[in-house]
Amino acid sequence: MKDKLIEGLIKAEEKRQREGLELIPSENYVSQDVLAAMGSVFTNKYSEGFPGKRYYGGQENTDQVEQLAIDRAKKLFGSDHANVQPHAGAPANIASYAAWADPGDTILGMDLSHGGHLTHGHPVTLAAKIWRFVRYGMKDVETGEIDYEQLREVALKEKPKIILAGFSAYPRELDYAKMAAIGKEVNAVMMADMAHIAGLIAGGVLANPFDHGFHVILTTTHKTLRGPRGGMILSKGKVGNPLKAPEKTIENLPTLIDRTVFPGFQGGPLMNMIAAKAVAFGEAQQPEFREYAKQIVKNAKKLADELMKRGFKLITNGTDNHLILADVHTSFGIDGKIVEETLDKIGLTLNKNAIPDDPLPPFRPSGIRLGTPAMTTRGLKEEHMGLIADWMLQAIQARGDDKKLNTLNNEVKEFCQAFPLPT
Ligand code: DSN
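Okay, so let's go over this structure. All residue numbers here refer to positions counted from 1 along the written sequence of the relevant chain. In keeping with the model being predicted, local features are shown solely for residues with a pLDDT of at least 70 and side-chain atom pairs are shown and tallied solely at 80 or more, while totals for entire chains, interfaces and linings include all residues. Excluded from the side-chain calculations are hydrogens and water; all other atoms, namely the structure's heavy atoms, are used.

1. Some remarks on the sheet that holds strand S13 (residues 313–314)
Test applied: DSSP bridges decide pairing: two strands pair if at least two such bridges lie between them. The helix and strand labels rest on DSSP assignments: H or I over at least four residues marks a helix, E over at least two residues marks a strand, and numbering proceeds from the N terminus.
The 4 strands are arranged S13-S14-S17-S16 in an open sheet whose pairing can be described as antiparallel. Here the strands that pair on one side only, and so sit at the sheet edges, are S13 and strand S16 (351–353). Across 3 bridges, S16 lies against strand S17 (residues 367–371) in antiparallel orientation. When the bridges of S17 are listed, lysine 352 appears paired with isoleucine 368.

Shown next, in the form of structure tokens:
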């Protein structure tokens, strides 16, 4: 590389990733093939439109690559349609809402402090200025059970156009069929934001909302799905010509979504990222990926047990998926920011996180959030989870003691040598 400054930073980041353990549940390590597609000459091409229906010439290769990504995504998730163009998760959310809900319409989503996400209508977002968001939450934070009765009451009262399932900090499974039955009563479109668990659904470990009456799945492609950073919208219905406005019916959602992504919302698709999505979806179709998805959950359950044994209070007392939310304020009398910073010093990366109805402020919340997708890619198994829990506890106990933290960091580095990044 001619730009030595950037080259140096890339090398430093490679070293950081290699020498530490990534515990942020929304991160992962992609394969060299995914990286190669991202860094390919497809980045040079403008391809507004859709395969076979573009606004520029020279599309003989982009059309094939996008069609492959679409076909593989449909097969992975059992959808009738896939739009693989959203640049990221937030644009996928906005485009999905806008395809069905008019400005001012109501959307029912999960309470943000109970595990929902900023893009589900946090007051600081543009989405909250366009649509009116109402909420459901957990009935019992000890078990994580959703309050489906409250969800139904709010739905009957507020008549939302969309009911949104999904989360970024919720460790349990949802009852999609129960939610879809409520949606049917109020004629709402059912959308599942599966960004965190898409890889677990593709790998057959968690339920697929399409099997339980949902109309749309929106997701990112870079978390458990282990693809490039990006978004995607999958839907059930009739696939029409995106160049012609269809009647606004649930059946026509695939075409309504296509037209909202382009020309409604985004410009040129990122064809290098779409090529990389196609590669990742191809990888996710392999039997090894099913094993990978299973191992993520096995590791998370084991890590949850090991943490609880060491006195960590976990929200919902465990996990059914890839992520764990721990209340370190109750467990150790410190906030999540202190734990995040302390663990950074020993090479374990995770993030501070609010817990349900958190008494502490967002920048110093009571919790930490961690997960197993990235470490499972490196080959860690259940037998390694006790060690990680040990390091976490020891670091928390030794916070402020840089000498001890340095010793722990050396142990983490040495351990990591046995688990290389994907080649
Ligand atoms: N930033 C992602 C996460 O960590 O959950 C979602 O926005």
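2. Comments concerning the packing of helix H13 (residues 336–346) against helix H15 (residues 385–397)
Helix packing geometry: the angle between the two helix axes and the distance between the axes. Filter applied, for reference: Angles shown run from 0 to 180 degrees and are taken between the N-to-C directions of axes, each axis being a line fitted to C-alpha atoms and, for helices, limited to the stretch in contact. Angle categories: roughly parallel below 35 degrees, roughly antiparallel above 145, roughly perpendicular from 65 to 115, and oblique for all the rest. It is the rotation of the near helix from the far one that decides the hand of a crossing: anticlockwise by less than a right angle makes it left-handed, clockwise makes it right-handed. Residue contacts follow a heavy-atom distance rule, with two residues in contact if any of their heavy atoms lie within 4.5 Å. Three residue categories are used. Nonpolar comprises Ala, Val, Leu, Ile, Met, Phe, Trp, Tyr, Cys and Pro, charged comprises Asp, Glu, Lys and Arg, and polar comprises the others, including Gly.
Between H13 and H15, the shortest axis-to-axis distance is 9 Å and the interhelical angle comes to 115°. When the interaxial angle is binned, H13 and H15 end up roughly perpendicular. The hand of the H13/H15 crossing is right-handed. The segment H13 lies against H15, with Val339, Thr342, Leu343 and Ile346 engaging Trp391, Met392, Ala395 and Ile396. Residue composition of the contact of H13 with H15, by class: 7 nonpolar, 1 polar and no charged.

3. Points about the packing of aromatic side chains
Put simply, the test is: Here is the rule: rings of Phe, Tyr and Trp (six-membered ring for Trp) pair when centre to centre is within 6.5 Å. Planes less than 30 degrees apart are stacked, more than 60 are edge-to-face, and the remainder are tilted. Whether a residue is buried, partly exposed or exposed follows from its accessible area with a 1.4 Å probe, protein chains only, as a fraction of its type maximum: under 20%, in between, or over 50%, in that order. Criterion for a charge above a ring: Lys NZ or Arg CZ within 6 Å of the ring centre, and within 35 degrees of the ring normal.
This structure, assessed with the given rule, holds 10 aromatic pairs. Measuring from centroid to centroid gives 4.8 Å for phenylalanine 312 and phenylalanine 332, while their planes differ by 75°, and the two rings are edge-to-face. Pair noted here: phenylalanine 312 is in the loop between helix H11 (287–309) and S13 and phenylalanine 332 is in helix H12 (residues 328–332), with a separation of 20 residues, a long-range link. Taking the relative accessible area as the measure of exposure, phenylalanine 312 reaches 3% and is therefore buried. Phenylalanine 332 gets classed as partly exposed once you look at its relative accessible area, which sits at 23%. Summarising the aromatic geometry, the rings of tryptophan 391 and phenylalanine 415 are spaced 5.4 Å apart at their centres and angled 80° between planes, so their arrangement reads as edge-to-face. With tryptophan 391 in helix H15 and phenylalanine 415 in helix H16 (residues 402–416), this pair connects stretches of sequence that are 24 residues apart. The pair tryptophan 391 / phenylalanine 415 is uniform in exposure class, with both members buried. Taken together, Tyr97, Trp131 and Phe133 form an aromatic cluster joined through their ring pairs. Taking NZ or CZ as reference, arginine 226 lies 3.9 Å from the ring centre of tyrosine 292, over its face. Sitting over the face of the ring of tryptophan 100, lysine 248 holds its NZ or CZ atom 5.8 Å from the ring centroid.

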